[in-house]
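Chain by chain, the residues run as shown.
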Amino acid sequence: MASYEVVPFLDDHKDKPKENKSHWHIDSKHPNIWLRKLCITTSLLLNVLLALAVIVLVLSVNKNDLLDPHSFARDAIVYKDTVFPLVNESIYAGPPSTRGDAAWEKLLYPQVIRVAKGEFTRQWDNPVKLQEGPGFSSSMSVYHEMHCVRYLRRFVYSEHYFPNATTDDYLFSQVHADHCLNLILQSIMCSADTTLINMYWLSGRTVPKYNPVKTPRSCVDWEKLENSLKSRVISHAEIGRLKNPL
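Residues numbered from 1 in each chain as written. Predicted model: local features only at pLDDT ≥ 70, side-chain atom pairs only at ≥ 80, totals over all residues. Heavy atoms only, no water.

Annotation of the protein chain in UniProt includes, under Sequence similarities (unreviewed entry), the sentence "Belongs to the ustYa family." (UniProt positions renumbered as here; feature names shortened; annotations may be inferred.)

Next comes the structure, spelled out in C-alpha cells:
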C-alpha cells in the first residue's frame, strides 16, 4: 500500500505526494518555513558555541591568573642567578642595630600599594577604597611574609624591641609569632624551591653538613620588582588617615 505524507493546509482531494518521497523534502510552496527553521537551528548552535567559548575563557582565567603567583606583577618578574649571603654578610640578620633597622624599614617600604579594581586577581569582599586618590589598597603576599620575618626577628630580640612588654603583651606576641611561623611555612611549601643543596664533611662530625647558602639558584630580580612598585606606594600617613565606612 502506498504511504502518503500529509502536507499541511492542502485539501485531501488535491495532489498528494508521490509514493516513497523523502520525509525531508522542501515544500516549494512554503520555502520560508524551512528557511526559518534553518535560521533558528543555526542561531541555537552559535549560542551553544559562544557559551562553550565563555566557559573555556573563564576556566583559562581561573587557572592562569587566579593561581599564578606572578599574575599581578608579571611584567616585572625577571630571574637571575643568585647566591645567598652568609649570615654575617646580611644587613637583615644579627643583633639589633640602627643600620639594620633602617634597612628593614626600606625593604618593607612598598608593603601597601595602590591597585586598580581591574587588577584584582580574585573577587574580594569589601575591598578598601582609597580616600585620597583613585584605586584600592593592597599588598603583595611577599611583603606580608617579610613583615612576618621581621616580626620574628624582633620577637627573638624582644628585650631590645619590647623592653616594657607586659605578660599579656608577651602572650599576644606569641600568638602573632605562631601566625607568622605558619604563614612562612605555608609560603615555603607553596613555592617549593627544588634547588639541590650541597652537603660536605667537617672534621670530627659524624654526619655531613648542609651548605644551602653557597648553592647557586635562580631567583626573582628583587631590585627590578621593587622598582616597579615605587609609583604605587601608599604612605603610612595616608593609611593612618583612612576612615572605616562600616
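On we go.
Caption draft 1: Highlighting the packing of aromatic side chains. A full pass over the atoms with the stated rule returns four aromatic pairs. Aromatic side chains Y143 and W222 sit 5.7 Å apart centroid to centroid with 45° between the ring planes, which places their arrangement in the tilted category. One end of the pair, Y143, is in helix α3 (residues 141-156); the other, W222, is in helix α6 (residues 222-227), with 79 residues separating them in the sequence. Taking the relative accessible area as the measure of exposure, Y143 reaches 0% and is therefore buried. In this structure W222 comes out as partly exposed when scored by relative accessible area, which is 25%. For the ring pair Y151 and F162, a centre distance of 6.4 Å and an interplane angle of 45° mean the geometry is tilted. Taken together, the residues Y151 in helix α3 and F162 in the loop between α4 (158-161) and α5 (167-191) connect sequence positions eleven residues apart. Overall, F162 belongs to the partly exposed group, its relative accessible area being 30%. (Phe/Tyr/Trp six-rings, centres within 6.5 Å; stacked < 30°, edge-to-face > 60°. Helix = DSSP H or I, 4+ residues; strand = E, 2+ residues; numbered from the N terminus. Buried < 20%, exposed > 50% of the residue type's maximum accessible area, 1.4 Å probe, protein only.)

Caption draft 2: Quick look at the state of the cysteines. With the rule as written, the count across this model stands at one disulfide. The partner cysteine of C148 in its disulfide is C180, sulfur to sulfur 2.4 Å. Handedness of the C148-C180 disulfide follows from its S-S torsion of about -70°: it is left-handed. Of this pair, C148 sits in helix α3 while C180 is found in helix α5, placing the two residues 32 residues apart along the sequence. (Disulfide = S-S within 2.5 Å.)

Caption draft 3: Region of the structure containing the nonpolar core. One finds M140, Y143 and L225 to be the most contacted residues of the largest nonpolar core, which totals 15 residues. If you list the elements that add at least two residues to this core, you get α2 (98-107), β2 (113-115) and α3. Excluding residues that lie within four positions of it along the chain, Y143 makes contacts with L107, L108, P110, Q111, W222, E226 and L229. In terms of nonpolar packing, the next biggest core, distinct from the first, is built from six residues, C148, L152, A177 and C180 among them. (Core = buried A, V, L, I, M, F, W, Y, C linked by side-chain atoms within 4.5 Å. Contact = heavy atoms within 4.5 Å.)

Caption draft 4: Expanded view of the environment of V115. Within the secondary structure, V115 sits in strand β2. With relative accessibility at 5%, the residue V115 sits in the buried group. In sequence terms V115 and K129 are 14 residues apart; their C-alpha atoms lie 9.7 Å from each other. For V115, the contacting residues outside a window of four places in its chain are F72, F120, G135, F136, S138 and R232.

Caption draft 5: Structural context of α2. When we look at burial in α2, the residues that qualify are G100, A103, W104 and L107. End-on view of α2: buried residues confined to an arc of 100°, all on one side of the axis. The exposed residues of α2 that point more than 90 degrees off its buried face are T98 and K106. In the core, the buried residues of α2 are packed alongside α3 and α6. (Arc of directions from axis to C-beta.)

Caption draft 6: Looking closely at unusual backbone geometry. Located in the positive-phi region is A192, a residue other than glycine, with phi close to 45°. Here A192 lies in the loop between α5 and β4 (198-200). Taking the relative accessible area as the measure of exposure, A192 reaches 41% and is therefore partly exposed.

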